[in-house]
Amino acid sequence: MTAAAPPAPPRDSAPHRTPPKEGSRALRAWRSVRVPAALITAFVTVVVLLSLGTEQFPTGHLEPGSISPDGTRALVNVLEEDRDVHVVRSSPAAEEAVSEAGDDTVLVVFLDHRLLPEELESLAALDVDTVLVRPSTPSLEAFVPGVEMTGREEPEGFPEPDVAYSPECDLSAAEAAGEAYVGGELYTAGSGVDAVGCYPGGSGDALVRVRHDDGTTTTVLGTGGPLTNAELDSGGNAALALNLLAAEDVVWLRPDPPQQEGSSGLWELLPLGLRWSLVPLVAMLALLALWRGRRMGALVPESLPVAVRASETTEGRAGLYQSRKARDRAATALRAGFLDRVTPKLGLSADAVPGAVVATVAERTGDDPAHLRSLLYPEPPDPYAGNDDMLVKLADELDERARRLR
Amino acid sequence: MVVTGRAVLLALVATVAVALSGLVGAEATAVALTVLVLLLALDIVLAASPKAMRLSRDGDTSLRLGDSATVYVTVTNPTRRRLRGSVRDAWPPSAHAVPRGQPLRVPAGERRRVTTALTPTRRGDARAAGVTVRSVGPMGLAGRQRTLPAPWTVRTLPPFHSRRHLPGKLSRLRELEGQHTAMVRGQGSEFDSLRDYVPGDDVRSIDWRATARGDGVVVRTWRPERDRRILIVLDTGRTSAGRVGDTPRLDHAMDAALLLAALAGRAGDRVDFMAYDRRTRAQVRSSGKGSQVNRIVEAMAPLEAELVESDPAGLVGTILGTQGRARRLVVLLTDLNATALEEGLLPKLPALTSRHLLMVAAVNDPAVDRMAAERGSADALYRAAAAERTLGERRRVTAELRRMGVEVVDADPEHIAPALADAYINLKAQGRL
């Protein structure tokens with residue numbers, strides 16, 4: 001026992017165990033982030049490109065920017081061709097716009113239920129022609145005291161209501177327009193009011209113009225329907241709208257819903273202590289993460305052995321045969337395998353001539369020697385390599401012979 | 001730095017306290033955070049330093065694959081503080097060390113032993129990665145942790161599954177020696193001794209000359225040759241990496257080599273061992289009688305298949321050059337890979353076979369046989385044809401080797417070890433060693 005085994009070879013001697021070189025860390029980091037980075041970039045690009053194609057339009061009933069059927073963008077665009085339209089969203093802005101506009105100005109007020117009574121008062125006090133579209137009761141009282149809503153005839157049918165009203169009055173704006181699909185609320189002016197009522201319905205007029213003492217007029221329209229995109233081109237709607245808004249400057253007031261002022265959010269409602277407790281909560285979560293995440297020592301690396309099946313090359317060759325449909329090679333291999341197995345049993349040497357093999361096999365199995373010859377030693381072209389069915393047939397015939405020779 | 005669940009609980013208490021504090025929330029937050037940080041810092045400072053711990057090891061150093069080994073770490077606490085916390089003896093994943101971590105309390109100046117059980121699933125050397133000591137302060141809120149080196153290596157030896165064949169093969173061997181209870185004449189070829197004839201002996205073995213000199217009938221006894229030299233060569237090149245079943249060819253070859261070594265050792269032959277691909281990976285030289293199996297097992301344990309093409313020329317040169325001039329049986333455990341053998345080994349064979357008797361043993365892959373039997377569709381036939389081609393090449397190279405006077409043992413993984421042992425016994429019976 002003098003000789004001893006040499007020391008075990010160093011484990012890092014083989015090429016496949018070479019440790020990764022310095023600098024490959026950056027490469028690895030780049031490799032690990034490049035796919036997510038590319039995906040995010042592609043996503044952002046697609047989103048940006050898609051958003052470039054679409055334009056956002058505001059929506060809402062009688063909204064001047066809206067292109068939906070109940071919007072009024074069509075009318076605003078027509079108006080803007082020969083006059084200035086100032087779209088305002090609140091009563092102070094409307095007052096400012098009126099004061100900045102010239103003498104020939106008309107103020108259109110939509111959705112005035114959103115305005116406070118004092119705002120209505122100050123708007124009514126403006127020295128300007130005004131058109132009220134379906135005003136609220138406080139608004140009627142503020143602008144045209146003495147005019148009252150006396151009925152309602154909501155038209156049926158959309159976009160063209162089934163009932164058209166004829167002017168039947170001496171108001172040039174309405175007369176020129178002719179029949180229009182007004183309706184909605186109907187108004188009646190009381191006695192002592194200098195008013196003209198047009199488009200009479202059953203219990204009042206759909207349009208009432210009141211002339212004030214200072215020379216300005218206030219026109220009350222029972223519905224905004226004729227002004228919408230859907231109905232503007234029906235009957236005399238467009239003409240009526242343009243005639244009513246005949247001025248150099250149109251101040252278009254569609255108030256935004258009133259904002260709640262002075263209300264506090266959920267955050268302000270929380271007790272002070274609860275709000276401050278977020279700070280120690282964050283500290284607690286950090287400690288929790290540290291507690292659960294702290295490892296007992298580093299991970300232990302281990303070089304794993306190669307795991308490759310010994311039959312890998314055979315499988316690979318099968319795949320090649322299959323992808324190239326190498327029937328001739330397959331047939332040759334199957335025949336060679338058959339002959340290798342059979343010839344020793346027949347007492348023939350491995351290099352026996354084909355004639356001897358065919359004769360011996362034919363003798364033992366009783367087959368036709370000519371058929372056997374074409375089966376085992378075919379003349380090119382090989383009849384069994386023509387298609388897949390023939391290949392299957394070849395294998396079956398060989399198996400049959402092998403069984404009989406057993 | 002480490003924190004415990006208690007620290008999280010403390011932070012939770014602080015959170016609740018601040019939440020209930022009402023209008024003095026800002027002040028309460030400041031106080032709570034300060035207290036929390038101070039307590040944690042105090043605990044960290046008061047914890048026994050894990051860096052100061054002294055470690056020593058003992059335990060098993062080797063085991064057979066499939067068994068379990070136990071290793072111990074003794075943690076000595078030389079500080080004046082009590083160590084409380086936990087410890088983990090880290091091993092590579094394939095060593096399957098349990099438990100992963102365990103609580104540890106070492107009073108000042110004392111020491112404690114930590115036990116870790118290893119059940120490796122891979123042959124070879126498993127090296128301890130280090131011992132992580134986590135020390136928590138007296139309040140159990142936070143502490144420190146450190147990984148200390150404690151080198152130890154556990155060698156996992158080849159399992160030697162084919163041991164179960166050894167008794168059967170030994171009895172065949174005894175048959176050769178004439179010691180068998182069946183009174184069968186030893187078939188060995190070496191003259192052993194003369195003894196008196198007893199009824200039942202083969203009359204052909206009567207030595208008439210000796211009988212004439214004495215009174216009774218004397219028979220010759222024979223025994224197998226002894227003190228023959230056997231060199232087992234393990235090819236660790238790329239072909240040995242392929243897995244047959246779930247085990248690399250190399251491990252099947254090791255199993256067969258161990259059975260042969262054990263058998264030859266009992267038969268009185270001298271067994272050398274070598275593992276080679278492009279250079280010698282392991283080597284055991286016999287140094288007299290007695291079994292070499294343990295030393296061969298030790299030498300085999302760390303061997304892994306290398307992903308390089310084997311160098312048969314170098315192998316033949318090494319065998320001829322360094323292994324002495326006496327005739328020996330060279331058992332080469334490799335793969336009957338047509339390309340590798342035809343290009344590498346076959347041209348070098350005459351030099352080897354002129355001096356030594358060569359036996360090539362190879363594990364064949366039952367998966368290829370199964371592939372060759374596939375039928376039914378064209379795709380199955382392509383697979384069958386590819387397998388037939390592999391088998392055909394194997395047959396061709398086997399025939400080629402036999403033509404050059406090489407013994408070839410080609411068997412599936414289940415039977416390679418007994419087949420190799422049988423081939424050896426047959427050679428011995430024929431007196432060809």
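Residues numbered from 1 in each chain as written. Chains lettered and ligands numbered in written order. Predicted model: local features only at pLDDT ≥ 70, side-chain atom pairs only at ≥ 80, totals over all residues.

Engineer: Where do I start with the overall build of chain A in this structure?
Structural biologist: A count of helical and extended segments in chain A gives 15 helices and ten strands. Relative to its full complement of 406 residues, chain A shows a buried share of 32%. In chain A, 62% of the contacts between residues at least 6 apart in sequence involve partners at least 24 apart. (Helix = DSSP H or I, 4+ residues; strand = E, 2+ residues; numbered from the N terminus. Buried ≥ 20, exposed ≤ 12 C-beta atoms within 10 Å, placed from the backbone. Contact = placed C-beta atoms within 7 Å.)

Engineer: I would appreciate a short explanation of the sheet that holds strand E20 (residues 329-333) of chain B in the present structure.
Structural biologist: The pairing of strands in a sheet happens through backbone hydrogen bonds and is either parallel or antiparallel. Residues and elements named next belong to chain B. Strand order across the open sheet formed by six strands is E19-E18-E15-E20-E21-E22, with mixed pairing between neighbours. Among the strands making up the open sheet, the edge pair consists of strand E19 (280-284) and strand E22 (407-411). Mean inter-strand twist for the sheet, computed between neighbouring axes without regard to direction, equals 15°. In this sheet, E20 lies alongside strand E15 (residues 229-235) in parallel orientation, the contact comprising five bridges. For Val233, the partnering residue across the bridge sits in E20 and is Leu332. (Pairing = 2+ DSSP bridges. Axes fitted to C-alpha atoms, helices over the stretch in contact; angles between N-to-C directions.)

Engineer: Would you mind showing me how to read the packing of helix H13 (residues 354-365) of chain A against helix H14 (residues 369-376) of chain A here?
Structural biologist: Helix-helix packing is characterised by the crossing angle of the two axes and by the distance between the axes. Residue and element names in this part refer to chain A. Where H13 contacts H14, the axes come no closer than 9 Å and their chain directions differ by 125°. Taken together, the axes of H13 and H14 lie oblique to each other. Considering only the axes of H13 and H14, their crossing is right-handed. Counted together, Val357, Val358, Ala359, Val361 and Ala362 of H13 and Pro369, Leu372, Arg373 and Leu376 of H14 form the full contact between these two elements. Partitioned by chemical class, the residues of the contact of H13 with H14 number eight nonpolar, no polar and one charged. (Parallel < 35°, antiparallel > 145°, perpendicular 65-115°, else oblique. Left-handed = near helix turned anticlockwise from the far one by under 90°. Nonpolar A, V, L, I, M, F, W, Y, C, P; charged D, E, K, R; others polar.)

Engineer: Would you mind going over unusual backbone geometry with me for this structure?
Structural biologist: If a residue is not glycine, its phi is most likely negative; likewise, a peptide bond is most likely trans. Of the consecutive residues Pro380 of chain A and Pro381 of chain A, the connecting peptide bond is found in the cis state with omega at 0°. Its location among the elements puts Pro381 of chain A in the loop between H14 and helix H15 (388-404). Here Val98 of chain B and Pro99 of chain B are connected by a cis peptide whose omega angle stands at -5°. Positionally, Pro99 of chain B belongs in the loop between strand E6 (97-98) and strand E7 (102-106).

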